[in-house]
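# Coordinate inspection notes
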Amino acid sequence: MKRLLMAAVLGMAMSTTSMVMAAGNAAAGKGKAAVCAACHGTDGNSLSDAFPKLAGQHEGYIVKQLMDFKNGDRQNALMAPMVANLSEQDMADLGAYFASQKTAPGAVSEELLAAGEQLYRGGNKETGVPACMACHGPNGSGVPAANWPKLSAQYSSYVETQLHAFAKGERANDNNSMMRDIASKMSEAEIKAVSAYVFGLKP
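Positions within a chain are numbered from 1, following the residues in the order the chain's sequence is written. Reporting in this predicted model follows two pLDDT cut-offs: at least 70 for local features of residues, and 80 or more for side-chain atom pairs to be given and counted; totals over whole chains, interfaces and linings ignore these cut-offs and use all residues. The basis for every side-chain value is the complete set of non-hydrogen atoms in the structure, without hydrogens or water.

## Considering the pattern of salt bridges
Within this document, salt bridges are pairs made up of a side-chain nitrogen of Lys or Arg and a carboxyl oxygen of Asp or Glu, the two lying within 4 Å of each other. Inspection of the entire model under this criterion finds six salt bridges. Notably, a salt bridge pairs Asp90 with Lys32, separated by 2.8 Å at the nearest N-O pair. Here Asp90 is found in helix α6 (residues 88-99), whereas its partner Lys32 is found in helix α2 (residues 26-32), with 58 residues between them in sequence. Here Lys32 falls in the partly exposed class, since its relative accessible area comes to 30%. Under the scheme used here, helices are H or I runs from DSSP no shorter than 4 residues and strands are E runs no shorter than 2 residues, and both carry numbers assigned from the N terminus. Only protein chains enter the accessibility calculation, which uses a 1.4 Å probe. A residue is then buried if its area is under 20% of the maximum for its type, exposed if over 50%, and partly exposed in between.

Here is the structure:
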């Protein structure tokens with residue numbers, strides 16, 4: 001029953017996230033990514049946890065986020081001017097380039113390991129929070145076909161910020177309000193623990 005439910009959810013997500021994308025060219029994207037390097041690093045491994053790692057992230061997910069920044073579905077004062085003049089081909093090339101790079105590993109805080117692992121792998125039945133791995137995979141690799149992002153080795157502070165944004169409705173570019181519904185049920189301790197846990201997952 002649980003597998004059937006997840007198959008239905010995945011099918012729904014795939015049907016609502018599908019979009020026609022230009023074919024990305026990683027070589028072309030490398031040159032276009034020079035402007036991204038100041039925040040995200042030359043290879044997509046940002047040096048500051050204020051900015052997310054893009055290395056190894058799924059191409060389609062990157063393209064969707066760039067499109068959402070450009071059309072206003074996702075709000076960010078730093079990203080809005082950066083994407084203003086990007087074409088769909090530019091976005092596809094950037095997505096292909098960053099997807100081709102290797103993610104630098106992170107490390108999990110020992111004191112948050114158990115709580116983070118429990119929530120990531122088992123969820124919280126009492127509050128209705130599902131296991132994160134149901135959508136993001138046992139190792140945080142995500143599901144490219146559904147545009148569910150890779151989380152492994154992503155900075156914990158960035159993941160925390162995004163979960164808070166979803167919980168408050170400040171970020172609303174998730175399909176069918178999935179992440180807003182989930183994050184709004186999470187406690188502050190759960191957000192902190194699971195964010196620390198995914199940072200330690202091996203990419």
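Anyway, onward from the coordinates.
## Looking at the packing of helix α7 (residues 110-122) against helix α11 (residues 188-200)
To obtain an axis, a line is fitted to C-alpha atoms, over the contacting stretch when the element is a helix, and the angle between two such axes runs from 0 to 180 degrees between their N-to-C directions. Two numbers describe how α7 lies on α11: the axes approach to 7 Å, and their chain directions differ by 90°. One way to sum up the angle between α7 and α11 is to call them roughly perpendicular. On α11, the residues touching Leu112, Leu113, Ala115, Gly116, Glu117, Leu119, Tyr120 and Arg121 of α7 are Glu190, Lys192, Ala193, Val194, Ala196, Tyr197 and Val198. Class assignment for the residues of the contact of α7 with α11 results in ten nonpolar, one polar and four charged. To sort the angles, those under 35 degrees are grouped as roughly parallel, those over 145 as roughly antiparallel, those from 65 to 115 as roughly perpendicular, and the leftovers as oblique. Every residue pair with non-hydrogen atoms within 4.5 Å of one another is taken to be in contact. Each residue is assigned to one class: nonpolar for Ala, Val, Leu, Ile, Met, Phe, Trp, Tyr, Cys and Pro, charged for Asp, Glu, Lys and Arg, and polar for all the others, Gly among them.

## Examining the environment of Ala50
Counting through the fold element by element, Ala50 comes out in the loop between α3 (37-40) and α4 (59-71). Among the residues examined, Ala50 registers a relative accessible area of 52% and is labelled exposed. In the structure, Ala50 is positioned 106 residues away from Ser156 in sequence and 9.9 Å away in space, judged by C-alpha atoms.

## A look at α11
Every α-helix winds through 3.6 residues per turn, so residues three or four apart in the chain are directed the same way. Multiplying one less than the number of residues by 1.5 Å gives the expected span of a helix. Its 13 residues give α11 an end-to-end C-alpha distance of 19 Å, which sits within 8% of 18 Å, the value for a rise of 1.5 Å per residue. Regarding α11, the residues found buried are Glu190, Ile191, Ala193, Val194, Ser195, Ala196, Tyr197, Val198 and Phe199. The elements touched by buried residues of α11 are α7 and α9 (156-168).

## Structural notes on the environment of Asp93
Mapped onto the elements, Asp93 comes out in helix α6. Under the relative-accessibility criterion, Asp93 is labelled buried at 3%. Taking the C-alpha atoms as reference, Asp93 lies 4.7 Å from Asn25; in sequence the two are 68 residues apart. Among all residues touching Asp93, those that are not within four sequence positions of it are Ala23, Gly24, Asn25, Ala26, Ala28, Gly29 and Lys32.

## Observations regarding the packing of α4 against α6
Contact pair α4 / α6: the axes reach a minimum separation of 8 Å and the direction vectors enclose 140°. In terms of orientation, α4 and α6 fall into the oblique class. The way α4 lies across α6 gives a crossing that is right-handed. Counting all contacts with α4, which are made through Glu59, Ile62, Val63, Leu66, Met67 and Lys70, the residues of α6 involved are Glu88, Met91, Ala92, Leu94, Gly95, Ala96, Phe98 and Ala99. When the residues that make up the contact of α4 with α6 are grouped by side-chain class, the tally is ten nonpolar, one polar and three charged. Rotating anticlockwise by less than a right angle from the far helix to the near helix defines a left-handed crossing, while the corresponding clockwise rotation defines a right-handed one.

## Some points on the nonpolar core
Among the buried residues, those of types Ala, Val, Leu, Ile, Met, Phe, Trp, Tyr and Cys that are joined through side-chain atoms within 4.5 Å form a nonpolar core. Core analysis: the biggest nonpolar cluster contains 16 residues, and Tyr120, Leu163, Met186, Val194 and Val198 have the highest contact counts within it. When contributions to this core are tallied by element, the ones reaching two or more residues are α7, α9, α10 (178-183) and α11. Element by element, the count of residues in this core is highest for α11, at four residues. For Val194, the residues in contact, after removing those within four places along its chain, are Gly116, Leu119, Tyr120, Cys132, Leu163 and Met186. Among the nonpolar cores identified, the runner-up in size contains 15 residues, and Leu66, Met79, Met91 and Phe98 belong to it.

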